[in-house]
Amino acid sequence: MTESLPVARAVDHGFAKLMPDVDRERAWLLTVDGAPQSYVDLDEPTHLEFEYAQRLGHVLDGIGEAGRPLDVVHLGGGALTLPRYLAATRPGSRQDVVEADRALLELVVEHLPLPEGAGIALHAADARRWLEGAPAASADALVADVFGGSRVPAHLTSLEYACEAARVLRTGGVYLANLADAAPFAFLRSQLANFAEVFQELVLIAEPAVLRGRRFGNAVLVAGQLPLDTPALARRTAADAFPARVEHGAGLRKFIGAARPVRDAEAVPSPEPPDGAFGIG
């Protein structure tokens, strides 16, 4: 069944819309309260429209042997863009998607159904609570893309949360998070300080204009216990339509500066984006 009309529905945490892309026959944009959340092409699940999603895809592509199935946890569901991507690029992967908004999950699977045998299990649950109940050393990758409205909830910004992520990952596992901030980067620096406390390797991927403080924007945080192939990652991100910079090592330590880890008691949500920061025109 081909759908061509927008779908709009109140969900548990806002008002969601699925809007068809006039340029791609079975592609859809998901927004919640007007903020773009996900883009999915049902005919081409390997197409990642958003720049930050492309960067997450580059990191996932570099985990282990190309095409090998992975065990992946996704915190934040949206329209299930990256789970669909991994089901296509790494058949046989086992994926758990944790989304607090049950009504949003129901809307997505109703109108943008998952392919048969995708190996994707959906959980309507709080991301932190679900993570705390997950088995230790059970995931090859943990992808965090959780926004309450347009902000990362406070309980997903603390050192204790970072420790839970490290516990659930295997030794060679990789943590990836989509974050957003602007100069002077108090939030982003604190997140890096959190993960530097419990992971051996850190990488930050963002557009140069964002890192120079010229505008509010997305940054992808990557953490692991084993060395990350930063040269390969830098090549992939440099080849994108909107090239990004890969910061690591001494450059990243300089960026973190005097920032310190933030514990649960003082954790705060990510900053509110300025009007129009992620507008859809």
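First, a word on scope: everything that follows refers to the structure included in this document. Here the structure is a predicted model, which is why all the values come from computation and not from measurement.

When its secondary structure is counted, the chain shows nine helices and 12 strands. A compact globule built from 281 residues would reach a C-alpha radius of gyration of about 19 Å, and the chain, at 18 Å, matches this within 12%. With the C-alpha coordinates aligned to their principal axes, the bounding extent of the chain is approximately 55 × 40 × 40 Å. In the chain, which comprises 281 residues, the share counted as buried stands at 48%. The long-range fraction of contacts in the chain, counting pairs at least 24 apart against all pairs at least 6 apart in sequence, stands at 69%. A total accessible area of about 12,600 Å² is found for the chain, and carbon and sulfur atoms account for 52% of it.

Formed by 38 residues in total, the largest nonpolar core has its most connected members in Leu 75, Tyr 175, Leu 192, Phe 195 and Leu 221. Among the elements that take part in this core, helix α6 (residues 186–198) stands out by supplying five residues, more than any other. The contact partners of Tyr 175, leaving out residues within four places of it in the chain, are Leu 142, Ala 144, Tyr 161, Ala 165, Leu 169, Phe 195, Phe 199, Leu 221, Val 222 and Ala 223.

Our focus in this paragraph is the environment of Val 73. Its place among the elements puts Val 73 in strand β5 (residues 71–75). Separated by 10 residues in the primary sequence, Val 73 and Pro 83 place their C-alpha atoms 9.2 Å from one another. Excluding residues within four positions of it along the chain, Val 73 makes contact with Asp 96, Trp 130, Ala 139, Ala 141, Leu 142 and Val 143.

As a further point, take the packing of aromatic side chains. Counted under the stated rule, the structure contains six aromatic pairs. Centre to centre, the rings of Phe 185 and Phe 255 are 5.3 Å apart; their planes meet at 50°, and the pair counts as tilted. Of this pair, Phe 185 sits in the loop between β9 (169–181) and α6 while Phe 255 sits in helix α9 (residues 249–256), and the two are 70 residues apart along the sequence. For the pair shown, Phe 185 and Phe 255 are each scored as buried. Chaining the aromatic ring pairs together yields one cluster made of Tyr 161, Tyr 175, Phe 195 and Phe 199. Between Arg 189 and the ring centre of Phe 255, over which it is positioned, the NZ or CZ distance is 4.5 Å.

What counts and what doesn't
- Residues numbered from 1 in each chain as written.
- Predicted model: local features only at pLDDT ≥ 70, side-chain atom pairs only at ≥ 80, totals over all residues.
- Heavy atoms only, no water.
- Helix = DSSP H or I, 4+ residues; strand = E, 2+ residues; numbered from the N terminus.
- Rg over C-alpha atoms; globule rule 2.2 N^0.38 Å.
- Buried < 20%, exposed > 50% of the residue type's maximum accessible area, 1.4 Å probe, protein only.
- Contact = heavy atoms within 4.5 Å.
- Areas by Shrake-Rupley, 256 points an atom, 1.4 Å probe, with all protein chains shown as cover.
- Core = buried A, V, L, I, M, F, W, Y, C linked by side-chain atoms within 4.5 Å.
- Phe/Tyr/Trp six-rings, centres within 6.5 Å; stacked < 30°, edge-to-face > 60°.
- Lys NZ or Arg CZ within 6 Å of the ring centre and 35° of its normal.

By themselves, these observations are geometric and do not establish any function.
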